[in-house]
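Letter by letter, the chains look like this.
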Amino acid sequence: MSRRHRPDSLSSPPYDEPYNIIPIHNLLIDHPSLRYPEVRAAISSLHAVGDLRKPPYSQWLPSMDLLDWLGLFFGFQRDNIKNQREHLVLHLANAQKRISSPPANSGTYQTIVLRNFRRKLLKNYTNWCSYIGKESNVWISNSSSSDSDARRELLYIGLYLLIWGESANLRFMPECICYIFHHMAMELNKILEDYIDENTGLPVTPSISGENAFLKCVVKPIYETIKGEVKRSKDGAAPYGTWRNYDDFNEYFWSKKCFQNLKWPIDFDSDFFSARKSKRKTGFVEQRTFWNVYRSFDRLWVMLILFLHVAVILAWEEKKYPWQALSNKDVKVRVLTLFITWSGMRFFHALLETAMECSRVSRETLRFILRMVLKVLVAAAWTYAFLTCYRRIWVQRNHDRHWSDEANKRVIFFLRLAFLYGLPEVLELALFFLPCIRRFIEQRNWKIFYLVSWWFNGNCFIGQGLREGLVDCIKYILFWVVVLITKFAFSYFLQIKPMISTTKELLDLKNEEYEWDWLEFFSVSNKFVIGLLWLPVVLIYLVDTQIWFSIYSPFVGAVLGMFQHLGEIRNLQQLRLRFQFFASAIQLNLLPQEQLKITSGTLREKCSDSIHLLKLRFGLGLPYKKFESNQVEATKFALIWNEIITTFREEDIISDQEVELLELPRYSWNIRVIRWPCFLLGNELLLALMLVRDLIDAPDKWLWYKICKNEYRRCAVIETYDCIKHLMLEILINNTEEHSILKVLFQEIDHFIEIEKFTTTFQVTALPQIHSKLIKLVELLLEPQKNVSEVVYAMQVLHGIVFHDFLKAKRTTDQLREDGFENAVELPDPSNKNFYRQVKRLHTILTTRDSMLNIPANIEARRRLAFFSNSLFMKMPHAPQVENMMACSVLTPFYDEDVLYSNERLGTKNEDGISILYYLQTIYDDEWKNFIERMHREGMLTDDEIWTTKLRDMRLWASYRGQTLARTVRGMMYYYRALQMLAFLDSSSNMDITIREEEQELGFMGRDGGFDGSNSERLPSVSFLFKGQEYGIALMKYTYVVSCQKYGEQKARKDPRAEEIMDLLKENEALRIAYVDQVSKENNEEYYSVLVKYDQQLQREVEIYRVKLPGPVNLGEGKPENQNHALIFTRGDAVQTIDMNQDNYFEEALKIRNLLEEFKHYHGIRRPTILGVREHIFTGSVSSLAWFMSAQETSFVTIVQRLFANPLKIRMHYGHPDVFDRFWFMTRGGLSKASKVINISEDIFAGFNCTLRGGNVTHHEYIQVGKGRDLGLNQISMFEAKIACGSGEQVLSRDVYRLGQRLDFFRMLSFFHTTIGYFFNTTVIILTVYAFLWCQLYLALSGVENSVLGNKNKSKKALSAVLNQELVIQFGLFTTLPALVESSIEKDFLEAIWEFLMMQLQLSIVFYTFSMGTRAHFFGRTILHGGAKY
């Protein structure tokens, strides 16, 4: 076991106490974050205790602050106070930095920051008070700005954070926390207002106080009650109606009765703590039945049944078009029966609701009973009324034998009754197109509105105001109108209408002989045969909306993708064409521009941005000219690009040679143009020489015009000339005759070029000869052992060619003696790396004959460069400075997976004789070669050292290609690295960069030392240029917390994974490890949430916080519980949830500032609360099955989610790597739900909860995160089973029920077909296959097919329509069509077709059929029998 819990006291902290990010306890430390006045102002504000009454039973020290004051009064833990103190200081400092004006003084904080934070943090509490009819206990004026109000703001904020930070599992119950805060805020108010206790006559003190009083007296009792219910649930196996989950406990606080029963201090005898059966369910009862699909989405089934009802009536007349049948009044009256069907379905729905919720009935739920009874009675009354009125119509009609006036009066009465019945739907339709009025009604707690809401939706705190803006409504309505028109037209003409004539004939036939005698009882009416014929048609009719949705979705998503400019740069060939605009795109999107108002964005600014983007996108203008004249921007672009190339080399996806070809060299040698990477220049110089040869008699202007038609060729020519000039003059000693002659020569050349007389003055036919001799000279300079005499000879030869062959006018004055250059050449020292780097680049430009279209060769490197460059031409928010950006955290839950591959595991061979290392070397052969090359550069002499001195490097290389924690940590720490670099660029001028480059030369060729291969230094990075403050601001803006739940146990038993985690801590400054520590104390087990980091000064792991828990954390599902315990250690306004199978890329991390700015922009009528992020599936190349799975997942995380977010407005949270509005979610139940079994798909419930509580989920594709997927058939099968089981549990959940009932009709359609409807319809489609086959078998064996149906083309046409739709599903339409369309957008149409054909040849149809069957099996089994497992 781990060390014992230290005493929990609020004594003054020692100055050497470990800290997390900011050393708040010691402001004298020279720490980068303490240099910011905003940090000191926040700390000072917390110490503004002033004249507050001191806690009566504890010692008050001068060093204590407001949070200590709250802790002493209310009994909070010391480490909880420490944690929330840093949490609050960091947030207030970061919030202040985003405001343009600095703090007025260090003692008080700007009231606007505090007020805005308090409003956001307590928004859910305010809504809760309004809903239950209680006055808020936040006693503060929204208009006052006095110091005392600022202190009160801090006290309310601090109180809520301290409650939340110590609530443990109660954090899944946000309204429970609201209840606790409500009462504790009231006690705080009484203390602040100096209330006197009537019983004692002394100043009021809190009802709970003392050491750990809050944990013992509030959290622990509720926790134990939840724990008891979990025990009674038998690990989730017991029926849901017999035990309470987190939602049941939370919904207990949605009624005023919680105040009457629980009271304050909490009454432990209340029914909340009762284990009686009648007290076990609160707001919903989950029942295992397929009827949940009808119960939750009754409007969908009403629509389908009513259309089928009307379609059969109209088709029965066998007219060409359905509206022609309405000319018959009898048909019109028959159509009125749809109201009977409608009311009957509502009656059935009311009965179903009553039956499924009957276990909630008790003496305390009288209003619920009343509503259920009234709903049944009213529905029954409407059904009876319609039946009676309809019968009276036909009685009168048959009596009069025509449509008499009396009969027409009864029809009119029926229509009036129908109008009255449909009036609520008419009003809802009107309000649908007036969303502002509807939101106003739903968000007001007026009694009349409350009564209407109670009647239609029951008592529910969440699910109000879910309507979208009018524009968004119109978009998704149009989508569904097209889908439904297609579906109903297809169903009517190809499914229903062809069946009518056959049905009529079967009904009319009597005494038909069957081949089976025992079936003759069917010959009376042939109803059984009719049922068999209609069964598959009706089944496919009910679910084929999913098919049409799946057909339209990818095409609409593709159009949206094209509007977002996805796929404009699909490969490096297209990148080469637009690279000259690439620098401007980086400047526009990745570097802050002070002249832009990022948060507002006027129409003029938006138009300006759009015009700028259009110029970049379509190559209008010459943006690169700006960089040639602005050295600061050019240098910053080079730093960013080169750092990206550095990370590529560190990841071994490019070689050393490719680094040389891809890098952007630093500005030097007075070169007048942008020094593009060598892979862009390629053979441009040789092509220019060929052009000169072909246009030998052309004038200068025309020749230069032809050269300048290609920007890279122009730059190659100018750079080569400038380099040669500088090189020649550099290696010659100043003040020598040779130096003077060459200097004059170059001046003459410059002059004749300027006056456009170059071709008339010089013999251009000599250029190829000069070119070859220059190559010889450069090669001599690059030799490891340089021979000065050979260099002198090469210079003499060049001099001779220039003066004898190049100059048309022969000269004698400039001739040198025969031994010229012998004493004038002085080669730079080999330690002058910059000089020889430039020489090597010059050699590449001079000698390259290849166009370098395949640089880089690695497919992954090419894909990443293409996507990154394409994303910069997409629309994204402008990036603020790092100091002004929103702060964020990344949270990764880790349980017992691999941290690093061990050398034993890598070397052990399987039954086929294949080891993991050999497999990885085969799959990533080019990356292995690059790794070996890097190891040799770093000092490895022989390849055998891979298993000795370079063993850890080899393990890391292998682990970075698996799904390990090491890979995830490396990827997520790119955010930290990117923010450091961006912070440096924000504050650095060209002078800063130049000075530091002189101290530590920037570049990549330095890995070769003096080009003799002896230098083993690591590849230099931009971090060598940092000034110091970059580390502080990056830590304030970014924290990475890995929740290693079992880390304490692993350390105790010396598990190698604990040591590997420690190594990750050593190597990553911003990494923190949170774990649950179990401590044995006095025959009891105590549990703590612990946060540790690695102290670089002390060179050891240090414990930062240790917050005591009420018991074991795992009361619900493991992953959300693991996230929840570590969530208190995250920081910032946003938190990104990252799973163990994910990766990140440095170039994508550069865009994190842009992504976080999305929280400030409205998407529709709301700001986003979840930012959806695109994923790249990096496991697609491992095997065919992995490829199929990758195609399926890629289409889902791109084109499908793009459509979900806009226009359907129904995107949820489907897993990682979405970015959450951290404060919004921490006050509304956390990042996921954790109830046992029902929330097994914990991630999507965060999306459900977000939507129900009025949040907004968006999707952004200009940034991506890597993701691994399952590779083997068994793993894929288990994954599909998990997803299907999770969907089966969703069918039973209250979240799906409430969304199905509260969303408007068209969003409900989207919600159904994008969540459980997909699985339900898949299951029904598979059942339809069986139904179709068994029906056909019966018809064939019984002889009915031949004797009765014969060759009825129409009936066969209907059945063939069913069969065709089955085949569409069989070929994997749900997955392959979106993948095909998305691939055609982002790659190429022909390439997408080729991939599709290859997948079919590799029998992907078998995989998708297997996948669909697996889903259907586990989905149905889970709904009926349970058994879902993670």
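Going along each chain's sequence as written, the residues are numbered from 1 onward. Thresholds applied to this predicted model are a pLDDT of at least 70 for local features of residues and 80 or more for the giving and counting of side-chain atom pairs; totals over whole chains, interfaces and linings are not thresholded and use all residues. Think of the side-chain values as coming from all heavy atoms in the structure, minus any hydrogens and water.

(A) Inspection of the overall build of the protein at higher detail. A run of H or I in DSSP counts as a helix once it spans at least four residues, and a run of E counts as a strand once it spans at least two, with each numbered from the N terminus. The number of helices and strands found in the protein is 60 helices and 10 strands. Using a 1.4 Å probe on the protein chains alone, a residue whose accessible area is under 20% of its type maximum counts as buried, one over 50% counts as exposed, and one in between counts as partly exposed. Relative to its full complement of 1430 residues, the protein shows a buried share of 62%. For the protein, the share of sequence-separated contacts (at least 6 apart) that also reach a separation of at least 24 residues comes to 80%. Accessible areas in this description were obtained via Shrake-Rupley with a 1.4 Å probe; residue shielding takes into account the shown protein chains only. Accessible surface computed for the protein: about 57400 Å², of which carbon and sulfur atoms make up 57%. In this description, contact between two residues means that some pair of their heavy atoms is separated by no more than 4.5 Å.

(B) How the structure looks around the pattern of salt bridges. The salt bridge criterion pairs a side-chain nitrogen of Lys or Arg with a carboxyl oxygen of Asp or Glu, the two atoms within 4 Å. As enumerated under the stated definition, the model contains 88 salt bridges in all. Two residues, glutamate 38 and lysine 97, come together in a salt bridge whose shortest N-O distance is 3.4 Å. Of this pair, glutamate 38 sits in helix 1 (residues 37–46) while lysine 97 sits in helix 3 (residues 78–97), and the two are 59 residues apart along the sequence. For lysine 97, a relative accessible area of 7% puts it in the buried group. Arginine 410 is the salt-bridge partner of glutamate 406, the closest N and O atoms lying 3.6 Å from each other. Here glutamate 406 and its partner arginine 410 are both found in helix 16 (residues 405–432), four residues apart, which amounts to about one turn of the helix. Judged by its relative accessible area of 35%, glutamate 406 falls in the partly exposed class. Salt bridges sharing common partners tie together Arg649, Asp652, Asp656, Glu933, Arg934, Arg937 and Glu938.

(C) Representation of a nonpolar patch on the surface within the structure. Two joining distances apply to patches: 9 Å for like charges and 5 Å for nonpolar side chains (Val, Leu, Ile, Met, Phe, Trp, Tyr), and every residue must have over 30% relative accessible area and no salt bridge. A grouping of Leu370, Val373, Leu374, Leu377 and Val378 is seen on the molecular surface, where their side chains present a nonpolar patch of about 390 Å² in accessible area. Structurally, the position occupied by leucine 374 is in helix 15 (residues 366–400). Take leucine 374: its relative accessible area is 31%, and that puts it in the partly exposed class.

(D) Quick look at the nonpolar core. Membership of the largest hydrophobic core comes to 389 residues, with the highest contact counts inside it found for Trp128, Leu159, Phe181, Trp301, Tyr1038 and Leu1150. When residues no more than four places from it in sequence are discounted, the contact partners of leucine 159 are Leu70, Phe74, Phe76, Phe181, Met184, Ala185 and Leu188. Counting 15 residues, the second-largest nonpolar core is a separate cluster that includes Tyr901, Ile932, Met940 and Met954. Only buried residues count toward a nonpolar core, which is a set of Ala, Val, Leu, Ile, Met, Phe, Trp, Tyr and Cys residues joined through side-chain atoms within 4.5 Å.

(E) Spotlight on the pairing of strand 6 (residues 1134–1137). Burial of strand 6 is two-sided: the residues Ala1134 and Gln1136 facing one way and the residues Val1135 and Thr1137 facing the other way are all buried. Judged from the four bridges that link them, strand 1 (residues 888–894) and strand 6 form a sheet pairing that is parallel. Its bridge partner lying in strand 6, serine 889 is registered against valine 1135. Between any two strands, pairing holds if DSSP finds at least two bridges. Both strand 6 and strand 9 (residues 1219–1221) contribute to a ladder of three bridges, which runs antiparallel. Directly across from valine 1135, in strand 9, lies its bridge partner phenylalanine 1220.

(F) Region of interest: the side chain of aspartate 247. Inspection of the secondary structure assignment puts aspartate 247 in helix 9 (residues 246–251). Whenever two N or O atoms come within 3.5 Å, that pair is a polar contact, provided that in protein one can donate a hydrogen and the other can accept it, and provided that, for residues adjacent in sequence, both atoms are side-chain atoms. A polar side-chain atom of aspartate 247 sits 3.2 Å from a polar atom in the side chain of lysine 1233. Once residues lying within four places of it in the same chain are set aside, the contact partners of aspartate 247 are Lys1233, Ser1235, Arg1294 and Asp1295.

(G) Local environment of the packing of aromatic side chains. A pair of Phe, Tyr and Trp rings is counted when the ring centres sit within 6.5 Å of each other, with Trp represented by its six-membered ring. The angle between the planes then sorts it: under 30 degrees is stacked, over 60 is edge-to-face, the rest tilted. Per the counting criterion, the structure on display carries 86 aromatic pairs. When the ring of phenylalanine 290 is compared with that of phenylalanine 1419, the centres are 6.3 Å apart and the planes differ by 65°; the resulting orientation is edge-to-face. In this pair, phenylalanine 290 is assigned in the loop between helix 10 (257–261) and helix 11 (291–296) and phenylalanine 1419 in helix 60 (residues 1404–1425), connecting sequence segments 1129 residues apart. What makes phenylalanine 290 partly exposed here is its relative accessible area of 28%.

(H) Representation of the side chain of threonine 1137. Relative to the helices and strands, threonine 1137 resides in strand 6. Residue class for threonine 1137 comes out buried when judged on its relative accessible area of 1%.

(I) How the structure looks around unusual backbone geometry. Following isoleucine 855, the chain continues to proline 856 via a peptide bond in cis, the omega torsion being -5°. Considering the arrangement of structural elements, one finds proline 856 in the loop between helix 35 (833–847) and helix 36 (859–871). Omega for the peptide link from asparagine 1206 to proline 1207 comes to 20°, which places this bond in the cis form. Along the chain, proline 1207 falls in the loop between helix 49 (1184–1205) and strand 9. Here aspartate 235, not a glycine, exhibits a phi torsion of approximately 60°, which is positive. Looking at the element boundaries, aspartate 235 is found in the loop between helix 8 (213–232) and helix 9. Looking at aspartate 235, the relative accessible area reads 54%, which means it is exposed.

(J) Up close: the sheet that holds strand 6. Strand order in this open sheet of 10 strands is 5-4-3-2-1-6-9-8-10-7, and the pairing throughout is mixed. A strand with exactly one partner marks an edge of an open sheet, and here the two such strands are strand 5 (1100–1109) and strand 7 (1142–1143). The sheet contact formed by strand 4 (residues 1084–1095) and strand 5 spans nine bridges and is antiparallel. Opposite valine 1092, over in strand 5, you have glutamate 1103 as the bridge partner. Working convention: axes come from line fits to C-alpha atoms, limited for helices to the stretch in contact. Angles between N-to-C directions cover 0 to 180 degrees. The sheet contacts of helix 43 (residues 1029–1037) involve strand 1, strand 2 (1038–1044) and strand 3 (1071–1081), and relative to strand 2 the element is tilted by about 55°.

(K) Region of the structure containing the pairing of strand 3. Of all the 11 residues making up strand 3, eight are buried; the element is thus mostly covered by neighbouring parts of the structure. Of the strand pairs in this sheet, strand 2 and strand 3 are connected by four bridges, and their pairing is parallel. Residue pairing for strand 3: tyrosine 1040 is matched across the bridge by leucine 1071. Pairing between strand 3 and strand 4: nine bridges, direction antiparallel. Pairing of valine 1079 across the sheet is with glutamate 1086, part of strand 4. The turn joining strand 3 and strand 4, which pair antiparallel and follow one another in sequence, is formed by two residues; a positive phi near 50° is taken by glutamate 1082.

(L) Up close: the environment of alanine 379. Here alanine 379 is to be found in helix 15. A relative accessible area of 10% means that alanine 379 is categorised as buried. In sequence terms alanine 379 and tryptophan 342 are 37 residues apart; their C-alpha atoms lie 10.0 Å from each other.

(M) Spatial organisation of the packing of helix 29 (residues 700–708) against helix 30 (residues 711–731). Contact geometry for helix 29 and helix 30: axes closest at 6 Å, N-to-C directions at 115°. Contacts between helix 29 and helix 30 involve Trp704, Ile707 and Cys708 on the former and, on the latter, Glu711, Arg713, Arg714, Val717 and Ile718. For the contact of helix 29 with helix 30, the per-class residue count stands at five nonpolar, no polar and three charged. When residues are grouped by polarity, Ala, Val, Leu, Ile, Met, Phe, Trp, Tyr, Cys and Pro land in nonpolar, Asp, Glu, Lys and Arg in charged, and all others, Gly among them, in polar.

(N) A look at helix 39 (residues 925–937). By this rule the span expected of a helix is its residue count minus one, scaled by 1.5 Å. Here helix 39 spans 19 Å end to end across 13 residues, near enough to the 18 Å set by a 1.5 Å rise per residue. Taken together, the buried positions of helix 39 are Glu927, Trp928, Asn930, Phe931, Ile932, Arg934, Met935 and Arg937. At the C-terminal side of helix 39, glycine 939 shows a positive phi close to 115°.

(O) Representation of the packing of helix 2 (residues 66–74) against helix 7 (residues 174–192) within the structure. The interhelical angle for the contact between helix 2 and helix 7, taken along N-to-C directions, is 105°, at an axis separation of 12 Å. Our classification of the angle between helix 2 and helix 7 gives roughly perpendicular. Counting all contacts with helix 2, which are made through Trp69, Leu70, Phe73 and Phe74, the residues of helix 7 involved are Met184, Glu187, Leu188, Ile191 and Leu192. Looking at the contact of helix 2 with helix 7, its residues break down into eight nonpolar, no polar and one charged. To sort the angles, those under 35 degrees are grouped as roughly parallel, those over 145 as roughly antiparallel, those from 65 to 115 as roughly perpendicular, and the leftovers as oblique.

(P) Representation of the state of the cysteines within the structure. We call a pair of cysteine sulfur atoms a disulfide when they lie within 2.5 Å. The tally for this structure, following the rule as stated, stands at zero disulfides. No disulfide involves cysteine 723; its nearest neighbouring cysteine sulfur is the one of cysteine 678, lying 9.8 Å away. When its relative accessible area of 2% is taken as the criterion, cysteine 723 is described as buried.

(Q) Up close: the environment of aspartate 51. Along the chain, the position of aspartate 51 falls in the loop between helix 1 and helix 2. In terms of polar contacts, aspartate 51 uses its side chain to reach the side chain of arginine 151, at 3.4 Å.

(R) Here's a closer look at helix 21 (residues 545–563). Relative to the 27 Å expected for 19 residues at 1.5 Å per residue, helix 21 spans 27 Å between its end C-alpha atoms, a close match to the ideal helical length. The complete set of buried residues in helix 21 reads Thr545, Gln546, Ile547, Trp548, Phe549, Ser550, Ser553, Pro554, Gly557, Ala558, Leu560 and Gly561. Positive backbone phi, approximately 70°, marks histidine 565, located one or two places after helix 21.

(S) Molecular detail of the confidence of the model for the protein. In predicted models, pLDDT denotes the confidence assigned by the predictor to each residue on a 0 to 100 scale. Overall, the predicted model of the protein reaches an average pLDDT of 83, with 86% of residues at or above 70. Ignoring residues within four places in sequence, the model shows residues 1–10, a span with pLDDT below 50, making 35 contacts including any to other chains. Under a pLDDT of 50 for its full length, residues 595–600 has, in the predicted model, 10 contacts with residues more than four places off or in other chains.

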